[in-house]
Amino acid sequence: METQTTVASKTKASKTVHISGAEAVIKCLLEEGVDLIYGYPGGAIMPIYDELYKYQDKLQHVLTRHEQGATHSAQGFARVTGKVGVAMATSGPGATNLITGIADAQIDSTPMVCITGQVWKHLLGSDAFQETDIVGISTPVTKWNYQITDASEIPEVMAKAFYIARSGRPGPVLIDITKNAQVETFDFEYEKCTSVRSYKAKPKVDKNQLKAAAKLINAAKKPLIVFGQGVILGEAEAEFKAFIEKAGIPSAWTILGLSALPTDHPLNVGMVGMHGNYGPNKLTNECDVLIAIGMRFDDRVTGNLDSYAKQAKVIHFEIDPAEVDKNVKADVAVLGDVKDTLSEIFSMIDTNVHTDWHQEFKDYDKIEYDKVIKNDLYPSKDGLTMGEVLKEINNASNGDAVIVSDVGQHQMIACRYAKFNQSKSNVTSGGLGTMGFALPAAIGAKMGVPNREVVAIIGDGGYQMTIQELGTIFQTRVPVKIVVLNNEFLGMVRQWQQLFFDKRYASTELINPDFITIAKGYHIDAKKVTKREDLAAAVEEMMASKDAYFLEVAVEKEDNVFPMIPSGASVSDIRLS
């Protein structure tokens, strides 16, 4: 994106002092308001860790058990606070272990700065011990990256890193620092970055596009809004709510848009996408104006693009020009920060209610409730369902908890049934679909909002991908609540095998360890539930605990998540069974 010669605008923030590059890194973090980082030390980053030791009263470092855990924890922290998450690792395998979390943050637009140590400058390119070209490796999955080889570069590059990570459409930045740059001394002075030449964080709002959008909205008989995480990232929840209430437009969400609007809001018509709600999916192909706000028309939302909303005029509110017309052609593209664009269009739109159109959603809701939801939440069979576990968590949390879900069937169930009263409450891996995300992300989320209850919903497969982070919970005493929905399968893959591969369950059945014993080995209170009559009390006990708590719930082995849009099918082909 930018080169070493890029000129940045800065705001002066510190006086000149003569210090090492390692100490400069710590001072840069403090200047940016960072007080919490996640990481794992090693040889190439040892000078920075040595300086970190001296600043323990100002900067808390959380030692995760794996570098991937550090990135996911930083993501969880960023998602609930809106701040930049910070992760740190050494060179070689330490740096490469960050890549999954960085890629996850890139596709889900999570602001994060990763700092890696690197071998001495004179050893670059020599295949030295624990040398990898982490800048080359991370280039496709970062918003920006840079290798520092001279200590004097540190202040400017670090300032740019934080500015780029948090501005515009947020994303991850990686800064690689050679060991000589860490030990060299120089005259340190820090100036915050406020702009970068050639990088435009926010497109200028086009008034004509706003007027064109308002004209379509005012003329619409069956308008539908699909909103995504852009509403949350832009901190535009109030503007969005005012906009939809004035226009009276049914509003559906992507999984990353969930919680931007309270779950029980009368204009909230549910989730779109592969396992979304029946009404908003079916009616996508019946609306006359489709208004996309802060979402990118992911394939899991659209299904087959050849049959997606072809009857509708499409309005796309978006901060990133690269997303406009990428998948779905927009009739009107409203570029800009959604907080600004929604504020400006508010006076242009008419007050409306669309009563008959809303009734169509309610009719589909009734069908879905009778055929799917009732069986998920109030099953007649003996085995426990994932849905009823979420129902009990809702009852205990009153919709005020942060729900951090992993990836799989349980993720879709959590997104479908979790209740939220406030924004930044749903934390999950969206675009990358990273199994193993939830446990470390829940640690970061709880440390970001310590006064809120944080519940991780995880499958037995994904749980074992980062189960070592129980050690981080034990060491930090962070009181996160962990719920493993155990069906002894890689459930989502098994569902596809059942429906589309004639029940050939190839490599999806799991023989699991004793999760309770493992939790207790980390001195975490734990309980297992196998019977319905024990579920509510166990959830209440977990939520009442002041400490970390592990709850395993044995659920039906071969339950499926419906509704479902088969891969490659139209949203109109959504199945209820």
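Coordinates for the structure precede this section.
Please read these numbers as outputs of a predicted model, since none were measured by experiment.

1. Digging into the overall build of the protein
Per the secondary structure count, the protein includes 23 helices and 22 strands. Compactness check: the protein gives a C-alpha radius of gyration of 24 Å against a globular reference of 25 Å for 577 residues, within 12% of the reference. Along the first, second and third principal axes, the C-alpha set of the protein runs to 70 × 65 × 40 Å. When burial is assessed residue by residue, the protein has 61% of its 577 residues classed as buried. Here the protein carries 59 positive and 72 negative side-chain charges, and the mean point of each set is 4 Å from the other.

2. As for empty space enclosed by the protein
In this structure the tally under the stated criterion is one cavity of 30 Å³ or more. Size it by volume and the largest cavity reaches roughly 30 Å³. Lining the largest cavity we find I217, N218, A247, D350, N352 and H354. Partitioning the lining of the largest cavity into residue classes produces two nonpolar, three polar and one charged.

3. A word on the sheet that holds strand β8 (residues 172-178)
One open sheet holds the six strands; their spatial order is β4-β3-β5-β6-β8-β7, and the pairing between them is parallel. A strand with exactly one partner marks an edge of an open sheet, and here the two such strands are β4 (60-63) and β7 (144-148). On average, adjacent strands in this sheet sit at an angle of 20° to one another, irrespective of strand direction. Pairing geometry for β7 and β8, over five bridges, is parallel. If you follow N145 over to β8, its bridge partner there is L174.

4. Notes on the pattern of salt bridges
Side-chain pairs of opposite charge can arise whenever the charged atoms involved come near each other. The full count for this structure, using the stated rule, is 23 salt bridges. Ionic contacts of the salt-bridge type, sharing partners, join the residues R169, D320, E323 and K326 into one network.

5. Concerning the packing of aromatic side chains
Tallied over the entire structure, the rule returns 13 aromatic pairs. Relative to F240, the ring of F227 lies with its centre 4.7 Å away and its plane at 50°, an arrangement referred to as tilted. A residue pair is termed long-range when its members are at least 10 positions apart, and F227 in strand β11 (residues 223-227) and F240 in helix α11 (residues 237-247) qualify at 13 residues. For the pair formed by F227 and F240, the shared burial category is buried. Every member of this aromatic cluster is reached through a ring pair, and the members are F186, F188 and Y190. Against the face of F346 rests K246, its NZ or CZ located 4.5 Å from the ring centre. In this structure, R494 is placed above the aromatic ring of F489, and the distance from its NZ or CZ to the ring centre is 5.8 Å.

6. Some details on the sheet that holds strand β17 (residues 402-405)
Here six strands make up an open sheet; going across it, the order is β18-β17-β19-β20-β22-β21 and the pairing parallel. Each edge of the open sheet carries a strand with a single partner, namely β18 (426-428) and β21 (525-529). Pairs of neighbouring strands in the sheet enclose a mean axial angle of 15°, with direction left out of account. Along the sheet, helix α3 (residues 67-81) contacts β17 and β18; its crossing angle with β18, the most-contacted strand, is approximately 155°. Helix-sheet contacts for helix α17 (residues 409-417) involve β17, β18, β19 (454-459) and β20 (481-486), and the interaxial angle to β19 is about 140°.

7. A short note on the packing of α3 against helix α5 (residues 99-107)
Running from N to C, α3 and α5 point in directions that differ by 25°, and their axes come no closer than 7 Å. When the axis of α3 is compared with that of α5, the two are roughly parallel. Across the interface between the two elements, Q68, T71, H72 and Q75 of α3 pack against T100, G101, D104 and A105 of α5. Grouping the constituent residues of the contact of α3 with α5 by class yields one nonpolar, six polar and one charged.

8. Let's talk about the environment of A103
Mapping A103 onto the fold places it in helix α5. Each C-alpha atom, one on A103 and one on G171, is 9.6 Å from the other, the two residues being 68 residues apart in sequence. In this view, A103 contacts V141 and L432; residues no more than four positions away in its chain are not counted.

9. Here's the deal with α17
With respect to burial, α17 is a largely interior element, nine of its nine residues being buried. Every buried residue of α17 is listed here: Q409, H410, Q411, M412, I413, A414, C415, R416 and Y417.

10. Section: the layout of surface pockets
Over the atoms, a rolled probe matching the size of one water molecule traces out where space is still vacant. Estimated volume of the second largest pocket: approximately 600 Å³. What lines the second largest pocket is a set of 25 residues, among which T263, I373, R416, Y417 and K419 lie closest to the centre. Considering every element that reaches the lining of the second largest pocket, the biggest residue donor is helix α15 (residues 355-377), with five residues. Its residues assigned to classes, the lining of the second largest pocket shows nine nonpolar, 10 polar and six charged.

11. A look at the environment of S405
With respect to the helices and strands, the residue S405 is situated in strand β17. Classification of S405 as buried rests on a relative accessible area of 0%. Residues S405 and F129, spaced 276 residues apart in sequence, show a C-alpha to C-alpha distance of 37 Å. Setting aside residues up to four positions removed in sequence, S405 forms contacts with Q411, A414, V427, T428, S429, F437, A438 and I457. At 2.9 Å, the side chain of S405 and the side chain of T428 are in polar contact.

12. Examining the packing of α15 against α17
The contact between α15 and α17 brings their axes to 12 Å, and the two run at 110°. In terms of orientation, α15 and α17 fall into the roughly perpendicular class. Crossing of α15 over α17 shows left-handed handedness. Together, E368, V372, I373, D376 and L377 of α15 and I413, R416 and Y417 of α17 make up the contact between the two elements. Here the residues of the contact of α15 with α17 are counted per class, giving five nonpolar, no polar and three charged.

13. Side note on the nonpolar core
Generally speaking, soluble globular proteins have nonpolar side chains that are buried together. Within the largest apolar cluster, 99 residues are counted, with the highest numbers of intra-cluster contacts made by L290, I293 and V483. Residue contributions to this core peak at six residues, all from α15. If we ignore the near neighbours within four places in the chain, the residues touching V483 are V389, I393, V455, A456, I457, I458, M542, L551 and V553. Residues I134, F437, V484 and A519 belong to the second largest nonpolar core, which totals 50 residues.

14. Focus on the environment of M492
Within the element layout of this structure, M492 appears in helix α21 (residues 491-500). According to the relative accessible area criterion, M492 is buried, its value standing at 18%. C-alpha of M492 to C-alpha of F474: the two residues are 18 residues apart in sequence and 30 Å apart in space.

Each value, and the rule that gives it
Along each chain, residues carry numbers from 1 onward, in the same order as the chain's sequence is written. Totals for whole chains, interfaces and linings use all residues, but because this is a predicted model, local features are given only for residues with pLDDT of at least 70 and pairs of side-chain atoms are given and counted only at 80 or more. Side-chain measures were taken over the full set of non-hydrogen atoms in the model, leaving aside hydrogen atoms and water. To qualify as a helix, a DSSP run of H or I must reach at least 4 residues; to qualify as a strand, a run of E must reach at least 2; elements of each kind are numbered from the N terminus. Atoms counted for the radius of gyration: C-alpha only. Globule rule: 2.2 Å times the number of residues to the power 0.38. Only protein chains enter the calculation, and the probe is 1.4 Å; a residue is then buried if its accessible area is under 20% of its type maximum, exposed if over 50%, and partly exposed in between. The charge count includes Lys and Arg as positive and Asp and Glu as negative, but it does not include His or the ends of the chains. One atom stands in for each charge, and that atom is NZ of Lys, CZ of Arg, CG of Asp or CD of Glu. Here a cavity is any set of points on a 1 Å grid over the protein atoms alone where a 1.4 Å probe fits but cannot get out, and a pocket is any open set with protein on both sides within 12 Å along at least 5 of 7 lines; a residue lines the site when it has an atom within 4 Å of a point. Grid points are joined across faces, edges and corners, and a volume is the space filled by probe spheres set on the points. Polar here means any residue outside two lists: the nonpolar Ala, Val, Leu, Ile, Met, Phe, Trp, Tyr, Cys and Pro, and the charged Asp, Glu, Lys and Arg; Gly therefore counts as polar. In this scheme, strands are said to pair when DSSP sees at least two bridges between them. Note on definitions: angles span 0 to 180 degrees between N-to-C directions of axes, and those axes are lines fitted to C-alpha atoms, for helices only across the stretch in contact. Within this document, salt bridges are pairs made up of a side-chain nitrogen of Lys or Arg and a carboxyl oxygen of Asp or Glu, the two lying within 4 Å of each other. Stacked, tilted and edge-to-face pairs are distinguished by plane angle, under 30 degrees for stacked and over 60 for edge-to-face with tilted covering the rest, among Phe, Tyr and Trp rings (Trp via its six-membered ring) whose centres lie within 6.5 Å. In our convention, an over-ring charge means Lys NZ or Arg CZ found within 6 Å of a ring centre and within 35 degrees of that ring's normal. Whether two residues are in contact is decided by their heavy atoms: any pair within 4.5 Å suffices. Should an angle lie under 35 degrees it is considered roughly parallel, over 145 roughly antiparallel, and from 65 to 115 roughly perpendicular; all remaining angles are considered oblique. Think of a polar contact as two N or O atoms within 3.5 Å of one another; within protein, one of them needs to be a possible hydrogen donor and the other a possible acceptor, and neighboring residues in sequence only count if both atoms come from side chains. Left-handed describes a crossing whose near helix is turned anticlockwise from the far helix by less than a right angle; the clockwise case is right-handed. For this analysis, a nonpolar core means a set of buried residues of the types Ala, Val, Leu, Ile, Met, Phe, Trp, Tyr and Cys, connected via side-chain atoms within 4.5 Å.

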